[in-house]
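Next come the chains, spelled out residue by residue.
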Amino acid sequence: MSDENLLRNVSGTARNRHESETVEEVALEEAIARNVRRLRAQHGVSVGFMADQIGISKAMLSKIENAQTSCSLATLARLAATFDVPVTSLFRGAETERPASFVPAGQGTRIVRNGTQVGHEYELLGMLRGEHKRLECLLVTLDAQSEVHPLFEHPGTEFIYLLDGEMAYGHGRSVYRMTAGDSLQIDGEAPHGPVELISFPIRFLSVIAFPDSTV
């Protein structure tokens, strides 16, 4: 598989691994990749320039930074020497347990939000607090008895994905007519919410990323 065929996340790694690799091996490769990218960024140099300093090919360094190869001890030693850090610092984060939130179908927690009083039903599908933000995932259900309520305001960014039904959703001075499959990403600090309920039942996912300072 060529580089062009790899699915790549700009801030993460491109993966093309053999199924025999263990979770521990994968975690170690990704930790090395993450730390090498960070150290190179701190030095403010290109992949090509840093590869020349280390004494390896640009292609090899690119594979290391994308967790596409296992480093030999000799290569790890050269990386550490070039970055002027202990070899152990290249493994930092490999043992860190990353949080996850799994909610089986139909077992989300019913919660009360501002729209509850006007017939909006909220089911919490998960919430994680990461290094930089709190992420809240909701399944929102509206029926014929629900009222429009375009006055929600909160810090952070909200992503809405309409699963069923049809509605007009307001954000600031704009109104978006949404049908199943449509999505909307908004700044949560502007007044927002459904302004017209068109076709029932209406169900949508709401994912809100709150900033650091939000409790």
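Just so it is clear, the model here is predicted, and its values are computed rather than measured.

Caption draft 1: Layout of the overall build of the protein. Regarding its fold elements, the protein presents 4 helices and 7 strands. Going from N to C terminus, the protein has its helices and strands arranged as α-α-α-α-β-β-β-β-β-β-β. Every one of the 215 residues in the protein was classed for burial, and the buried ones make up 35%. Residue pairs in contact within the protein that sit at least 24 positions apart in sequence constitute 62% of those at least 6 positions apart. Only carbon and sulfur atoms are counted for the fraction: they give 52% of the accessible area of the protein, which is about 13,000 Å².

Caption draft 2: How the structure looks around the packing of helix H2 (residues 47-54) against helix H3 (residues 58-65). Viewed as axis vectors pointing N to C, H2 and H3 meet at an angle of 105 degrees, and their least axial separation amounts to 8 Å. The angle between H2 and H3 falls in the class roughly perpendicular. Contacts between H2 and H3 involve Val-47, Gly-48, Met-50, Ala-51 and Ile-54 from the former and Lys-58, Leu-61, Ser-62 and Glu-65 from the latter.

Caption draft 3: Main features of the pairing of strand S6 (residues 183-187). A one-sided burial pattern is seen for S6, the buried positions being Leu-184 and Ile-186 and the unburied ones Ser-183, Gln-185 and Asp-187. Pairing analysis gives 5 bridges linking strand S4 (residues 157-171) to S6, with the strands arranged antiparallel. By the bridge assignment, Tyr-161 is partnered in S6 with Ser-183.

Caption draft 4: How the structure looks around the confidence of the model for the protein. The share of residues in the protein with pLDDT of 70 or more is 80%, and the mean pLDDT across the chain is 81. The weakest mean pLDDT in the protein belongs to strand S2 (residues 121-129) at 77; the strongest belongs to strand S7 (residues 192-210) at 93. Low confidence marks residues 1-17, where pLDDT is under 50. Its contacts with residues over four positions away, or in another chain, come to 30 contacts.

Caption draft 5: Quick peek at helix H4 (residues 73-83). For H4, every residue scored as buried is listed here: Thr-75, Leu-76, Leu-79, Ala-80 and Phe-83. The buried residues of H4 occupy one face: seen down the axis, they fall within an arc of 135 degrees. Exposed residues pointing more than 90 degrees away from the buried face of H4 are listed as Leu-73 and Ala-81. Asp-84 occupies a position one or two residues after H4 and carries a positive phi of about 60 degrees.

Caption draft 6: Spatial organisation of H2. Of all the positions in H2, only Val-47, Gly-48, Met-50, Ala-51 and Ile-54 are classed as buried. Buried residues along H2 cover an arc of 165 degrees about the axis, so they all sit on one side. Downstream of H2 by one or two residues, Gly-55 has phi in the positive range, about 95 degrees.

Calculation criteria
- Residues numbered from 1 in each chain as written.
- Predicted model: local features only at pLDDT ≥ 70, side-chain atom pairs only at ≥ 80, totals over all residues.
- Heavy atoms only, no water.
- Helix = DSSP H or I, 4+ residues; strand = E, 2+ residues; numbered from the N terminus.
- Buried < 20%, exposed > 50% of the residue type's maximum accessible area, 1.4 Å probe, protein only.
- Contact = heavy atoms within 4.5 Å.
- Areas by Shrake-Rupley, 256 points an atom, 1.4 Å probe, with all protein chains shown as cover.
- Axes fitted to C-alpha atoms, helices over the stretch in contact; angles between N-to-C directions.
- Parallel < 35°, antiparallel > 145°, perpendicular 65-115°, else oblique.
- Pairing = 2+ DSSP bridges.
- pLDDT = per-residue confidence, 0-100.
- Arc of directions from axis to C-beta.

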